[in-house]
Amino acid sequence: TTTFIAVADSFIGADGDENANFGDASALRLAKAGTRKTLVAFDQDALTGAIAGKTVVTASLEVFTTSAAEGFPTRGMNLVAHRLTTPWTEAGATFNCAIDSDPTNGLTDCTGSSAWTPAGPTFPYVTKGAKTLVLNGNTGWIKFDVTRDVKAIARGATSHGWLIKRENEAKGGRIAFRSRESANANKPRLV
């Protein structure tokens, strides 16, 4: 078993924050307001080196809640982790840009491959993601079975981490996870 700790993470959102960067935040957020989504990446060279020539039996992307899930439906809500196919940076990711050249000015400062559309219609990730059911009030570790993704990476597929979002973004509910910048333990990990 090998565990990787995130080397980059952030969250992005629309509704007034399309050009804001949250790469230095101590919590990663998912919420209906602004359709917030979480980004998490791991050292790609270390990952491919660890799985080269080996059989991947199982892999899980794990994030730790900093606050209980609120406003989720009574029967819970699926969260989905999608393998990212577009490069992004922790200090440059915004809702409009994978890499915004000046995320402090409130403008969209990207073009071409640095621009992305996380809400579609052209997605910067593999559309079939790893689902996990989260109940209202959920606390602790949330795990996504990303075995399929890691096996694809072992075969040479492009990967720039994962984007985590609510499966049905029209529904309410919010949750926050510890980021790698958190002073606490339990940072995002890939096991």
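For the structure given in this document, a descriptive report is provided here. (Residues numbered from 1 in each chain as written. Predicted model: local features only at pLDDT ≥ 70, side-chain atom pairs only at ≥ 80, totals over all residues. Heavy atoms only, no water.)

**Some thoughts on the overall build of the chain**
Along the backbone of the chain there are two helices and eleven strands. Counting helices and strands in the order they occur from the N terminus, the chain gives β-β-β-β-α-β-β-β-β-α-β-β-β. The C-alpha atoms of the chain give 16 Å as radius of gyration, which agrees with the globular expectation for 191 residues (16 Å, within 12%). Each of the three principal axes of the chain carries a C-alpha extent, and together these read 45 × 40 × 35 Å. When burial is assessed residue by residue, the chain has 47% of its 191 residues classed as buried. Long-range contacts, defined here as pairs at least 24 residues apart, represent 77% of the contacts in the chain between residues at least 6 apart. (Helix = DSSP H or I, 4+ residues; strand = E, 2+ residues; numbered from the N terminus. Rg over C-alpha atoms; globule rule 2.2 N^0.38 Å. Buried < 20%, exposed > 50% of the residue type's maximum accessible area, 1.4 Å probe, protein only. Contact = heavy atoms within 4.5 Å.)

**Notes on the sheet that holds strand β6 (residues 77-83)**
Pairing within the open sheet is antiparallel, and its five strands lie in the order β2-β4-β9-β6-β7. Either end of the sheet is taken by a strand with one partner, and the two such strands are β2 (8-12) and β7 (130-134). The mean angle between the axes of side-by-side strands here comes to 20 degrees, regardless of whether they run parallel or antiparallel. Pairing analysis gives five bridges linking β6 to β7, with the strands arranged antiparallel. Bridging across to β7, A81 finds its partner in A130. (Pairing = 2+ DSSP bridges. Axes fitted to C-alpha atoms, helices over the stretch in contact; angles between N-to-C directions.)

**Here we look at the layout of surface pockets**
Reported here for the largest pocket is a volume of approximately 320 Å³. No other element matches the three residues that helix α1 (residues 44-51) contributes to the lining of the largest pocket. (1 Å grid on protein atoms, 1.4 Å probe; cavity = no way out; pocket = protein on both sides within 12 Å on 5 of 7 lines; lining within 4 Å. Points joined across faces, edges and corners; volume = space filled by probe spheres on them.)

**Structural notes on the pairing of strand β9 (residues 162-166)**
Along β9, five of the five residues are buried, which leaves the element largely enclosed by surrounding structure. Burial of β9 is two-sided: the residues W162, I164 and R166 facing one way and the residues L163 and K165 facing the other way are all buried. Relative to β9, β6 runs antiparallel, the two sharing five bridges. The residue bridging R83 from the neighbouring strand is W162, located in β9.

**Looking at the packing of aromatic side chains**
For the structure on display, the rule yields four aromatic pairs. Relative to W162, the ring of F42 lies with its centre 6.1 Å away and its plane at 65 degrees, an arrangement referred to as edge-to-face. Residue F42 is located in the loop between β4 (37-41) and α1, and its partner W162 is located in strand β9; the two are separated by 120 residues in the primary sequence. Each of the two residues, F42 as well as W162, counts as buried. When the ring of F123 is compared with that of Y125, the centres are 5.1 Å apart and the planes differ by 40 degrees; the resulting orientation is tilted. For F123, a relative accessible area of 34% puts it in the partly exposed group. (Phe/Tyr/Trp six-rings, centres within 6.5 Å; stacked < 30°, edge-to-face > 60°.)

**Concerning the environment of T111**
Relative to the assigned elements, T111 resides in the loop between β6 and β7. A relative accessible area of 66% places T111 in the exposed class. Spatially, the C-alpha atom of T111 lies 20 Å from that of L39, the residues being 72 residues apart in sequence.

**Concerning the pairing of β2**
For β2, the buried fraction is high: five of the five residues fall into the buried class. Of the two faces of β2, the one holding A8, S10 and I12 and the one holding D9 and F11 are both buried throughout. Where β2 meets β4, five bridges bridge the pair, whose relative direction is antiparallel. Counted as the bridge partner of I12 is K37 from β4.

**Structural notes on the state of the cysteines**
Using the criterion set out here, one finds one disulfide in the structure. Disulfide partner of C97: C110, at an S-S distance of 2.0 Å. For the disulfide bridge between C97 and C110, the dihedral angle about the S-S bond is near -80 degrees, and by the sign convention the bridge is left-handed. Residue C97 is found in the loop between β6 and β7, and its partner C110 is found in the loop between β6 and β7; the two are separated by 13 residues along the sequence. You'll find C97 and C110 in the same group, each marked buried. (Disulfide = S-S within 2.5 Å.)

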